[in-house]
Amino acid sequence: MASIFSPLITILLLLLIFGGEARDPFACDPKNTATKNLPFCKASLPIPARVNDLIGRLTLQEKVNLLVNHATAVPRLGIQGYEWWSEALHGVSNVGPGTKFGGQFPAATSFPQVITTAASFNASMWEEIGRVASDEARAMYNGGTAGLTYWSPNVNIFRDPRWGRGQETPGEDPMLAGKYAASYVRGLQGTDGSRLKVAASCKHFTAYDLDNWNGVDRFHFNAKVSKQDIEDTFNVPFRMCVKEGKVASVMCSYNQVNGVPTCADPNLLKRTVRGQWGLNGYIVSDCDSVGVFYTSQHYTSTPEEAAADAIKAGLDLDCGPFLGLHTQNAVQKGMLSEADVNGALVNTLTVQMRLGMFDGEPSTHPYGNLGPKDVCTQSHQELALEAARQGIVLLKNSGPSLPLSSRRHRTVAVIGPNSNVTVTMIGNYAGIACGYTSPLQGIGKYARTIHELGCENVACTDDKQFGRALDAAHQADATVLVMGLDQSIEAETVDRAGLLLPGRQQDLVSKIAAASRGPTILVIMSGGPVDITFAKNDPRIVGILWAGYPGQAGGAAIADILFGITNPGAKLPMTWYPQGYLQNLPMTNMAMRSSRTTGYPGRTYRFYKGPVVYPFGYGLSYTHFVHTLASAPKLVSVPVDGHRHGNSSNISSKAIKVTHARCGKLSITLHVDVKNVGSRDGTHTLLVFSAPPAGNGHWAPHKQLVAFEKVHVPAKAQQRVRVNIHVCKLLSVVDRSGTRRIPMGDHSFHIGNLKHSVSLQAETLGIIKS
């Protein structure tokens, strides 16, 4: 239908919609008579045909210029330059050159850091946060200040508690990380078939979890990983991100895995991500990864070899200039064919077309009406507050002493280097927040506050301010200490040396607890776990909260929990180890499983059996929930085609290869009644763990998370929860050769104090496979 508006009226309407100048079409401007009728500009044609038409019109030099994040324009075809690098880890970020704050877009909603959001164990909320972030991203794109390709989320396993980037991840459990990845990606990308709202990217593939420890940095690190651990742990969230989240991109990492840079490994990129998992999208390098494996790792002898190795391995886009500088020479020297370059462009251009970037006028797109009015909205900011409330974990409540009462605790001493912080609350890979509520401001809503830092910053190198802090605690009806870490202690390129509170923080906390007139509450802000055994064991510290990095509304959320407006329901997404766990435990040892012979302790709750400060999945509530199993099977038949004769593995008869089972929708359904026997309404986080049958030896986890559900239960009421457990995906384990198997026999399910065994028995069908 032809427009009834004049061009001037159309422009005025766009100005009203966006509150500023609208973005020109990225390509295929309907006003450009030279290009508007070319096949690649016809949205009615299938995308593969449009992509092939466009590639056929490009020169080799033009193609090479599109292989880098700062892709240059192709003026003769009406294509603008494009910056691929934008970030949206927990809200639109200004890390990366693709996004600029200012003008009509001074800020964006800053949600809690991922480790905090993961603690909610609320998959629907993760998806909703992604949806809000992509609303704001699209609005900023429409206004000309952001891209549509976001290199988030980070779904690496939080393997070592010292890792500075653990805060960016959903924690230590592979299934939890994968579920987070799929949910957040669906929120970012939308669920409109092949069309993308924005394009997400799961990073950093794979076995990437060391930044800078003891003289070893990520640019030079060769992660030596067993086939078992790759399949069982490190690749799980990426597989779920691709297969279940349908992510549009995967980013390869800086490190080598078993001697090969991940961005030059065809087994990882071409065969696994694209071949086995079926990635429908592009593979991008971490920034300057190709340059790193040439210049720092000396993996190839010439830059042309590096460019050729990366592209032939399956890399489609280079964050950095390296491929733009050396790919043409690699083609001319015969190391790479132009067809290889075309293959990379098919993947990137397809994503851009799925985003609608070649459909002409942006205002005509499904998300073309989003603008400044859709950023930092009240509902978005309320979601940031709710996410923080749902992510804060109650670790200790003696008495119980919490929640505080605004009637009895009229004066509260608020003490600590993180007591009045703002930017600290949003962690790393954040943007500019819409606004902040610090802990001091949040508590000030419920009580008169006396504020003292106690330490100038989290390094807490001296006790010069202790005296004033002790006086404040002595005067108040209650004392809240807000301690912990910040980006000076744990960050990208900064791994921690130990797990204790920095400097003299512990000394300050203990002295305050001894001097306080009223109850003393400790609030820890951190991404990684902290050994606070002293506080856990100190009877004068009656309450402990872990707030992670709780986002722009973190202080309000902390106060709402302290004063009982919100009943906490979060659980730790990572194990909190004692400092002694690190003894003789190099970050460079990638093995997940423990070793009795060497004394190696193992990593994460799945493989470590030693002492902990707080276990994975721990978290208290202001009420008490009781579980009852309403119904569950005791025996489940697993249809099996058979296993290979002569298998040398001694477990072949006890554990069936997943590839030999007829998995389909083979699942176990548990119905669990959750009763709130306390006097407060609450939301319960139901965690279901499975332990494999005895006799599976050293190769199976002690237990693993197989399901989680959130359920709101009013006081004295009961809710029934249906839990579905896919047998092949969730009850399988991985043997030493990297083969996924389903152990036959009794699988023990643990739900709180409840235990139930289900016996899996093989039902042989058809011909035995070879």
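Quick caveat, the model's predicted, so the values are computed rather than measured.

Thresholds applied
- Residues numbered from 1 in each chain as written.
- Predicted model: local features only at pLDDT ≥ 70, side-chain atom pairs only at ≥ 80, totals over all residues.
- Heavy atoms only, no water.
- Helix = DSSP H or I, 4+ residues; strand = E, 2+ residues; numbered from the N terminus.
- Buried < 20%, exposed > 50% of the residue type's maximum accessible area, 1.4 Å probe, protein only.
- Contact = heavy atoms within 4.5 Å.
- Lys, Arg positive; Asp, Glu negative; His and termini not counted.
- Charge placed at Lys NZ, Arg CZ, Asp CG, Glu CD.
- Pairing = 2+ DSSP bridges.
- Right-handed = clockwise from strand over helix to strand, strands pointing away.
- Salt bridge = Lys/Arg side-chain N within 4 Å of Asp/Glu carboxyl O.
- Axes fitted to C-alpha atoms, helices over the stretch in contact; angles between N-to-C directions.
- Parallel < 35°, antiparallel > 145°, perpendicular 65-115°, else oblique.
- Left-handed = near helix turned anticlockwise from the far one by under 90°.
- Nonpolar A, V, L, I, M, F, W, Y, C, P; charged D, E, K, R; others polar.
- Phe/Tyr/Trp six-rings, centres within 6.5 Å; stacked < 30°, edge-to-face > 60°.
- Lys NZ or Arg CZ within 6 Å of the ring centre and 35° of its normal.
- Core = buried A, V, L, I, M, F, W, Y, C linked by side-chain atoms within 4.5 Å.
- Arc of directions from axis to C-beta.
- pLDDT = per-residue confidence, 0-100.
- Polar contact = N/O pair within 3.5 Å; in protein donor to acceptor, adjacent residues only side chain to side chain.

### A closer look at the overall build of the protein chain
- In terms of regular secondary structure, the protein chain is built from 21 helices and 27 strands.
- Summarising its shape, the C-alpha atoms of the protein chain cover approximately 80 × 75 × 50 Å along the three principal directions.
- Looking at the protein chain as a whole, 62% of its 770 residues qualify as buried.
- Counting contacts in the protein chain only where the partners sit at least 6 residues apart, residues at least 24 apart contribute 78% of the total.
- Computed over 72 positive and 59 negative side-chain charges, the inter-centroid distance for the protein chain is 8 Å.

### Let's talk about the side chain of His380
- For His380, the position within the fold is in helix 14 (residues 378–391).
- The contacts of His380, once residues within four sequence positions are left out, are Thr109, Phe111, Val132, Asp135, Glu136 and Asp374.

### Examining the pairing of strand 12 (residues 411–415)
- Among the five residues that make up strand 12, five are buried, leaving the element largely enclosed by the rest of the structure.
- Neither face of strand 12 is exposed, since Thr411, Ala413 and Ile415 on one face and Val412 and Val414 on the opposite face are all buried.
- Of the pairings in the sheet, the one linking strand 12 to strand 13 (residues 448–452) comprises five bridges and is parallel in character. When the sheet's bridge partners are listed, Val414 is paired in strand 13 with His451.
- Traced from strand 12 through helix 15 (residues 439–444) to strand 13, the parallel crossover comes out right-handed.
- Looking at chain direction, strand 12 and strand 14 (residues 478–484) are connected through four bridges and run parallel. Bridge assignment links Val414 to a residue of strand 14, and that residue is Val480.

### Here's the deal with the pattern of salt bridges
- Inspection of every chain in the model, using the stated rule, returns 37 salt bridges.
- Between Glu87 and Lys203 there is a salt bridge, with the nearest N and O atoms lying 3.0 Å from each other. Taken as a pair, Glu87 in the loop between strand 2 (82–83) and helix 4 (114–118) and Lys203 in strand 3 (residues 202–205) lie far apart in primary sequence, 116 residues in all. Side by side, Glu87 and Lys203 carry an identical accessibility label, which is buried.
- We note a salt bridge from Arg720 to Asp673, for which the minimum N-O separation is 2.7 Å. With Arg720 in strand 23 (residues 718–726) and Asp673 in strand 20 (residues 667–676), this pair connects stretches of sequence that are 47 residues apart.
- It is possible to trace a salt-bridge network through shared partners that takes in Arg165, Glu168, Asp211, Arg218 and Glu492.

### Some points on the packing of helix 2 (residues 47–57) against helix 13 (residues 338–354)
- Taken N-terminus to C-terminus, the directions of helix 2 and helix 13 make an angle of 125 degrees; their axes are 9 Å apart at the nearest point. The angle between the axes of helix 2 and helix 13 places the two elements in the oblique class. Handedness of the helix 2/helix 13 crossing: right-handed. Judged by residue contacts, Ile47, Arg50, Val51, Asn52, Leu54 and Ile55 of helix 2 engage Asn342, Leu345, Val346, Leu349, Thr350, Met353 and Arg354 from helix 13.
- Residue composition of the contact of helix 2 with helix 13, by class: eight nonpolar, three polar and two charged.

### Description of the pairing of strand 14
- By the criterion of burial, strand 14 is predominantly enclosed, with seven of the seven residues buried.
- A two-sided burial pattern is seen for strand 14, the buried positions comprising Ala478, Val480, Val482 and Gly484 on one face and Thr479, Leu481 and Met483 on the other.
- For the handedness criterion, the β-α-β arrangement of strand 14, helix 17 (residues 505–515) and strand 15 (residues 520–525) is classed as right-handed.

### Regarding the packing of aromatic side chains
- All chains considered together, the criterion is met by 27 aromatic pairs.
- Taking 6.2 Å as the distance between ring centres and 80 degrees as the angle between the ring planes, the aromatic pair formed by Phe40 and Phe358 counts as edge-to-face. Note that Phe40 is positioned in the loop between helix 1 (7–18) and helix 2 and Phe358 in the loop between helix 13 and helix 14, a separation of 318 residues in sequence. Residues Phe40 and Phe358 agree in their burial class; the two are buried.
- Taken together, a centroid distance of 6.2 Å and an interplanar angle of 75 degrees make the contact between Phe616 and Phe689 edge-to-face. In this pair, Phe616 sits in the loop between helix 20 (604–607) and strand 17 (625–631) while Phe689 sits in strand 21 (residues 682–691), placing the two residues 73 residues apart along the sequence. A single burial state applies to Phe616 and to Phe689, both of which are buried.
- One aromatic cluster in this structure is built from Phe121, Trp126, Tyr180, Tyr184, Tyr605, Phe616, Phe689 and Phe708.
- Its guanidinium or amino end placed over the ring of Tyr614, Lys536 lies 4.9 Å from that ring's centre, counting from NZ or CZ.

### Considering the nonpolar core
- Membership of the largest hydrophobic core comes to 206 residues, with the highest contact counts inside it found for Phe358, Ile532, Trp546, Trp576, Leu705, Ile725 and Leu760.
- Setting aside chain neighbours within four positions, we find Leu705 in contact with Phe121, Asp173, Met175, Leu176, Tyr605, Phe616, Leu687, Val688 and Phe689.

### Some points on helix 16 (residues 466–475)
- For helix 16, every residue scored as buried is listed here: Phe466, Ala469, Ala472 and Ala473. The arc enclosing the buried residues of helix 16, seen along the axis, measures out at 125 degrees, which places them on a common side.
- The secondary structure elements touched by the buried residues of helix 16 are strand 12, strand 13, strand 14 and helix 17.

### Observations regarding the confidence of the model for the protein chain
- Residues of the protein chain with pLDDT of at least 70 account for 95%, and the chain-wide mean is 94.
- Contacts for the low-pLDDT stretch residues 1–20, under 50 throughout, to residues beyond four places or in other chains number 20 contacts.
- Ignoring residues within four places in sequence, the model shows residues 645–652, a span with pLDDT below 50, making 10 contacts including any to other chains.

### A word on helix 8 (residues 236–243)
- The buried fraction of helix 8 is high, at seven of eight residues.
- Of all the positions in helix 8, only Val236, Pro237, Phe238, Arg239, Met240, Cys241 and Val242 are classed as buried.
- Close packing links the buried residues of helix 8 with helix 6 (174–189), strand 3, helix 7 (227–234), strand 7 (249–252), helix 9 (267–276) and strand 25 (740–743).

### Quick look at the side chain of His747
- Along the chain, the position of His747 falls in strand 26 (residues 745–751).
- Within the structure, His747 has its side chain in polar contact with the backbone oxygen of Pro743 (distance 2.7 Å).
- Dropping the residues within four chain positions of it, His747 is found in contact with Ser690, Ala691, Pro692, Pro693, Leu731, His756, Ser757, Val758 and Leu760.

### Section: the environment of Asp217
- Assignment of secondary structure puts Asp217 in strand 5 (residues 216–217).
- Separated by 42 residues in sequence, Asp217 and Met175 place their C-alpha atoms 28 Å apart.
- Those residues in contact with Asp217 that sit more than four places away from it in its chain are Leu210, Asp211 and Asn212.
- A distance of 2.8 Å separates a polar atom in the side chain of Asp217 from the backbone nitrogen of Phe219.

### Quick word on the sheet that holds strand 8 (residues 256–257)
- Strand order in the open sheet formed by three strands is 6-8-9, with mixed pairing between adjacent strands. Each having just a single partner strand, strand 6 (222–223) and strand 9 (260–261) make up the two edges of the open sheet.
- Judged from the two bridges that link them, strand 6 and strand 8 form a sheet pairing that is parallel. Across the sheet, residue Ala223 finds its bridge partner in strand 8, namely Val257.

### Focus on the packing of helix 14 against helix 19 (residues 554–562)
- The contact between helix 14 and helix 19 brings their axes to 8 Å, and the two run at 50 degrees. When the axis of helix 14 is compared with that of helix 19, the two are oblique. The handedness of the crossing between helix 14 and helix 19 comes out as right-handed. Packed against helix 14, whose contacting residues are Leu385, Ala388 and Arg389, the element helix 19 presents Gly554, Ala556, Ala557, Asp560 and Ile561 at the interface.
- Split by residue class, the contact of helix 14 with helix 19 holds five nonpolar, one polar and two charged.

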